[in-house]
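Chain and residue survey
Below are the chains, spelled out letter by letter.
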Amino acid sequence: MKVVSVVGARPQFVKLAPIAAAAAAANIDHVIVHTGQHYDPMLSDVFFEDLGIPTPDVHLGVGSGGHGVQTGAMLGALDAVFDEHSPDWVLAYGDTNSTLAAAVSAVKLHRPLAHLEAGLRSFNRRMPEEHNRVLTDHAADLCLAPTEVAMSHLASEGLSDRSVLVGDVMTDVLHQVRDRVAGSPSRLVEELGLTPGAFHVATIHRAENTDDPAILRSILGALASLDLPVVLLAHPRLVATAAEHALDLGQGSLIAHAPLAYPDLISAVLASRSVVTDSGGLQKEAFLLRVPCVTVRTETEWVETVDLGWNTLATDPQAITDAVRRAAPRPTDATPYGDGRAAERVVRLLLESHG
Ligand code: UD1
């Protein structure tokens, strides 16, 4: 059986890691296509190296652009790839423009499409990721859902008969990497001379937070006013807006730093007091590591983290600082994101549902 995985952006490389390992263990002919959406080495290459992912078989080199230009360029290039490889399954990951391109190309060419991380909804139709995930779920032949909540969204959209709860592959990779880095000092802590437990880790990259300089200024001001150092792991989109509008990423308590490789990020979060982020993946990683998180958004797809008290949504500067300073959440042993064996289930399902 031949599976073509299409990835292009940082969170997709993390999800690909356990799938590539499980596919190899099952002797599946697995072709990895990198669209080139993320091309900076710290957003791309380091993930392949650190997580032991095979080098992509095909690299489309699409790069940055507006949604239409970027997605369209991928779509055109993917048609040729799917024609050449005739996959039994196209596997699309998450909710980026690379996901949508894979989905549209696969259905147009009558290739069976499986969507990993299906059923997530923010119900915010202004988010590009929301369009990407809704459209991909409805195009897919197999919706691989990470959580019960995702299954309920798929059911309410009439997609139950093609949906399966597999768990979250990010739990698979996080558990492995956590066990690998546990016990070693964090490189970030050493490099910046931080005190473990006495700093925050922050990431801000979403268009809603970075494209409007007034919004970005207020978020940066809130982070800068915190009592402990805040290490801001700066995505290129954030660096670009800050430079354009002369916003200081090193003001007050802020320490600007390049994005981290995955094991360094996990090790830094483990050593931190709390996380402030607008990333989907990092909210959940913080929860799985039992580090309190403040999410700088008005809604989240990962509602379990909020319901269990480990994640607080805040966009107003005062609400952000209040949330960071709040008391520690109540301990929990809940496992809404699965048992760390989701990738095995995904591969088994692809094999069983083939042909
Ligand atoms: C994309 C995903 C988002 C995901 C994020 C993870 C979409 C719509 N969004 O957002 O869901 O959370 O990846 O990081 O697909 N850039 C570089 N170097 C790179 C990549 C991007 O400099 O390697 C710059 C470019 O100027 C580009 C901007 O960052 O215009 C945004 O990149 P893009 O891939 O369009 O979206 P992300 O914000 O990274």
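Cut-offs used in this document
- Residues numbered from 1 in each chain as written.
- Predicted model: local features only at pLDDT ≥ 70, side-chain atom pairs only at ≥ 80, totals over all residues.
- Heavy atoms only, no water.
- Near = heavy atom within 4 Å.
- Polar contact = N/O pair within 3.5 Å; in protein donor to acceptor, adjacent residues only side chain to side chain.
- Areas by Shrake-Rupley, 256 points an atom, 1.4 Å probe, with all protein chains shown as cover.
- 1 Å grid on protein atoms, 1.4 Å probe; cavity = no way out; pocket = protein on both sides within 12 Å on 5 of 7 lines; lining within 4 Å.
- Sits in = over half its atoms within 2 Å of the grid points.
- Helix = DSSP H or I, 4+ residues; strand = E, 2+ residues; numbered from the N terminus.
- Nonpolar A, V, L, I, M, F, W, Y, C, P; charged D, E, K, R; others polar.
- Domains from an automatic or database assignment.
- Salt bridge = Lys/Arg side-chain N within 4 Å of Asp/Glu carboxyl O.
- Buried < 20%, exposed > 50% of the residue type's maximum accessible area, 1.4 Å probe, protein only.
- Points joined across faces, edges and corners; volume = space filled by probe spheres on them.
- Pairing = 2+ DSSP bridges.
- Right-handed = clockwise from strand over helix to strand, strands pointing away.
- Expected span 1.5 Å × (residues − 1).
- Contact = heavy atoms within 4.5 Å.
- Axes fitted to C-alpha atoms, helices over the stretch in contact; angles between N-to-C directions.
- Buried area = accessible area lost by both parts, 1.4 Å probe.

1. A closer look at the site of the ligand
Gln 37, His 38, Tyr 39, Asp 40 and Glu 129 are the nearest of the 20 residues found near the ligand. Interatomic distance of 2.8 Å between a backbone N/O atom of Tyr 39 and an oxygen atom of the ligand. Between the ligand and Arg 237 there is a distance of 2.9 Å, counted from an oxygen atom to a side-chain nitrogen or oxygen. When the ligand sits alone it has 740 Å² of accessible area, and the protein chains cover 85% of it. Taken atom by atom, the bulk of the ligand overlaps the largest pocket. Secondary-structure elements contributing two or more residues to the shell around the ligand are helix H1 (10–25), helix H3 (67–85), helix H5 (128–139) and helix H11 (236–244). For the shell around the ligand, the per-class residue count stands at six nonpolar, nine polar and five charged. Counting contributing residues, the shell around the ligand receives three or more from each of domain 1 (2–168 + 338–354) and domain 2 (177–324).

2. Considering the pattern of salt bridges
This model, assessed by the stated rule, comprises 16 salt bridges. Here Arg 121 ties to Asp 137 by a salt bridge, and the two come within 2.9 Å at their closest N and O atoms. One end of the pair, Arg 121, is in the loop between strand E5 (113–116) and H5; the other, Asp 137, is in helix H5, and 16 residues separate them in sequence. You'll find Arg 121 and Asp 137 in the same group, each marked buried. Notably, a salt bridge pairs Glu 344 with Arg 341, separated by 3.0 Å at the nearest N-O pair. Each member of the salt-bridge network shares a partner with another, and the members are Asp 95, Glu 130, Arg 133, Arg 297, Glu 299 and Glu 301.

3. Describing the layout of surface pockets
By volume, the largest pocket is sized at about 1,200 Å³. Ala 9, Pro 11, His 38, His 205 and His 235 are, among the 48 residues lining the largest pocket, the residues nearest its centre. Elements with a contribution of two residues or more to the lining of the largest pocket: H1, H3, H5, helix H9 (207–210), H11, helix H12 (262–271) and helix H13 (280–288). Of the residues contributing to the lining of the largest pocket, the split by class is 19 nonpolar, 16 polar and 13 charged. Looking at which domains feed residues into the lining of the largest pocket, each of domain 1 (2–168 + 338–354) and domain 2 (177–324) gives three or more.

4. Some remarks on the pairing of strand E4 (residues 89–93)
For a regular strand, side-chain orientation follows a simple rule: the groups alternate between the two sheet faces. Here E4 lies mainly inside the structure; five of its five residues are buried. As defined by bridge partners, strand E1 (residues 2–7) adjoins E4 across four bridges and the pair is classed as parallel. Bridge pairing in E4 places Val 4 opposite Val 90. Sheet topology places E4 next to E5; four bridges connect them, and they run parallel. Bridging across to E5, Ala 92 finds its partner in His 115. Crossover handedness for the path E4 to helix H4 (residues 97–108) to E5: right-handed.

5. Let's talk about H5
For H5, which comprises 12 residues, the first-to-last C-alpha distance of 17 Å matches the rise-based estimate of 16 Å (1.5 Å per residue) to within 8%. Residues of H5 that are buried include every one of Pro 128, Glu 129, Glu 130, Asn 132, Arg 133, Val 134, Thr 136 and Asp 137, and no others. If you follow the buried residues of H5, they end up packed against H3, E4, H4, E5, strand E6 (142–145) and helix H6 (148–156).

6. Some points on the sheet that holds E4
Within a sheet, each strand pairs with its neighbour through backbone hydrogen bonds, oriented either parallel or antiparallel. Strand order in the open sheet formed by seven strands is E3-E2-E1-E4-E5-E6-E7, with parallel pairing between adjacent strands. One side of each edge strand has no neighbouring strand; the edge strands of this open sheet are strand E3 (58–59) and strand E7 (163–165). In terms of strand pairing, E5 meets E6 through three bridges, oriented parallel. Paired with Leu 116 across the strands is Leu 144, a residue of E6. Sheet strands touched by H4: E1, E4 and E5. Its angle to E4, the strand with the most contacts, is close to 155°.

7. Remarks on the domain arrangement of the protein
In terms of domains, the protein is made up of domain 1 (2–168 + 338–354) and domain 2 (177–324). In this complex, domain 1 contributes 22 residues to the contact, which on the side of domain 2 involves 19 residues. In this assembly, domain 1 packs against domain 2 so that about 1,600 Å² is buried in total across both faces, 61% of it on carbon and sulfur atoms. Of all residues in domain 1, the largest losses of buried area upon contact with domain 2 belong to Met 42, Asp 50 and Met 127, amounting jointly to 24% of the total for that side. When the shortest N-O distance is used, the salt bridge between Asp 168 and Lys 284 registers 2.6 Å.

8. Considering the sheet that holds strand E12 (residues 293–295)
Across the sheet, which stays open at both edges, the six strands sit in the order E10-E9-E8-E11-E12-E13 with parallel pairing between neighbours. The strands lining the two open edges of the sheet, one partner per strand, are strand E10 (254–257) and strand E13 (311–313). Averaged over all adjacent pairs, the angle separating strand axes in this sheet is 20°, with direction ignored. Bridge count for strand E8 (residues 200–203) against strand E9 (residues 230–233) is three bridges, and the pairing is parallel. For Ala 202, the partnering residue across the bridge sits in E9 and is Leu 232.

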